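Listed below, chain by chain, are the residues.
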Amino acid sequence: MNTKIITIFCGSKLGKNPIYKKEAEKVAKLLASQGISVIYGGGKIGIMGILYKYINKINGKITGIIPESLNTSKISQSNKKNLIVVKSLQKRKSLMIKKADMFLVLPGGLGTLDELFEVMTLNQLNIYNKPIFIYNIANYWKNLNLLLKHMNKEGFLYKNDFKKILWVNNSEELIREINKF
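Scope of this entry: the structure provided in the associated data block. (Residues numbered from 1 in each chain as written. Predicted model: local features only at pLDDT ≥ 70, side-chain atom pairs only at ≥ 80, totals over all residues. Heavy atoms only, no water.)

With that settled, the discussion passes to the pairing of strand β3 (residues 62–67). Counted residue by residue, β3 has five buried out of six residues, so it is predominantly covered. Direction of pairing for strand β2 (residues 37–40) relative to β3: parallel, over a ladder of three bridges. In the sheet register, Val38 faces β3, and the bridge partner there is Ile62. Regarding topology, helix α2 (residues 46–57) serves as the crossover connection from β2 to the parallel β3, and that connection is right-handed. Bridge count for β3 against strand β4 (residues 83–86) is four bridges, and the pairing is parallel. Bridge pairing in β4 places Pro67 opposite Val86. (Buried < 20%, exposed > 50% of the residue type's maximum accessible area, 1.4 Å probe, protein only. Helix = DSSP H or I, 4+ residues; strand = E, 2+ residues; numbered from the N terminus. Pairing = 2+ DSSP bridges. Right-handed = clockwise from strand over helix to strand, strands pointing away.)

Here we come to the layout of surface pockets. If a probe as big as a water molecule is rolled over the atoms, it shows which places are left empty. Approximately 560 Å³ is the volume found for the largest pocket. Residue lining of the largest pocket: 30 residues in total, with Cys10, Gly11, Ser12, Gly111 and Thr112 positioned closest to the centre. Put simply, the parts of the chain that give the lining of the largest pocket at least two residues each are β1 (5–9), α2, α3 (89–99) and α4 (110–124). Looking at the lining of the largest pocket, its residues break down into 16 nonpolar, nine polar and five charged. Of the volumes computed, that of the second largest pocket is approximately 230 Å³. In this structure, the second largest pocket is lined by 13 residues; those nearest its centre are Asn123, Gln124, Asn126, Asn160 and Asp161. (1 Å grid on protein atoms, 1.4 Å probe; cavity = no way out; pocket = protein on both sides within 12 Å on 5 of 7 lines; lining within 4 Å. Points joined across faces, edges and corners; volume = space filled by probe spheres on them. Nonpolar A, V, L, I, M, F, W, Y, C, P; charged D, E, K, R; others polar.)

Buried within helix α6 (residues 171–178) we find Ser171, Leu174, Ile175, Glu177 and Ile178. The buried residues of α6 occupy one face: seen down the axis, they fall within an arc of 165°. Taken together, the buried residues of α6 touch β1, α1 (18–33), β5 (102–105), β6 (132–135) and β7 (165–168). Near the N-terminus of α6, the side chain that reaches the backbone nitrogen of Glu172, with its oxygen 3.2 Å away, is that of Asn170. (Arc of directions from axis to C-beta. Contact = heavy atoms within 4.5 Å. Polar contact = N/O pair within 3.5 Å; in protein donor to acceptor, adjacent residues only side chain to side chain.)

Any two side chains of opposite charge can pair if their charged atoms end up close together. One pass over the structure, following the stated rule, counts six salt bridges. The salt bridge involving Glu118 is made with Lys93; its shortest N-O contact spans 2.9 Å. Here Lys93 lies in helix α3 and Glu118 lies in helix α4, a separation of 25 residues in the sequence. On the accessibility criterion, Glu118 (32% relative accessible area) is partly exposed. Between Glu177 and Lys180 there is a salt bridge whose closest N-O contact spans 3.0 Å. Counted as one network, the salt bridges with shared partners bring together Lys93, Asp114 and Glu118. (Salt bridge = Lys/Arg side-chain N within 4 Å of Asp/Glu carboxyl O.)

This is the structure we're talking about:
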């Protein structure tokens, strides 16, 4: 059986609600215990740092991809042997998308949205056909869901564009859905 590779898009900040950190820890442990290989943004800060710390703690498989501009001792993961350094944010995003079998979106900011929308667009254009799991921790992504439904209602997104987006509300549901692929 081939190892599943999941790229995780998430924040370089922790956010205000401690549940984001708690759920990121849970997800990291679950993915590592399932033998799922993780690709992420290469940082040791924010939600990214939580993933890195907890996946490493139980010897899970994790690879960071970081642009040169962010590859600093303050931001970048300390273990350089599983870190890929690229020229730009665009190259990072491109490589994170190309290497993945599927995607997981945790709470984050503009960068996370940028990554999510790029994958959604590539799926929409049939360049890729990869599942996207949006983990709606504490209803963080509720308004995004409403926006996408509104875009559909107004004729700018088709039902077909939603087929590869799976909204999950807890880590157990997430692992169950990942294992279906």
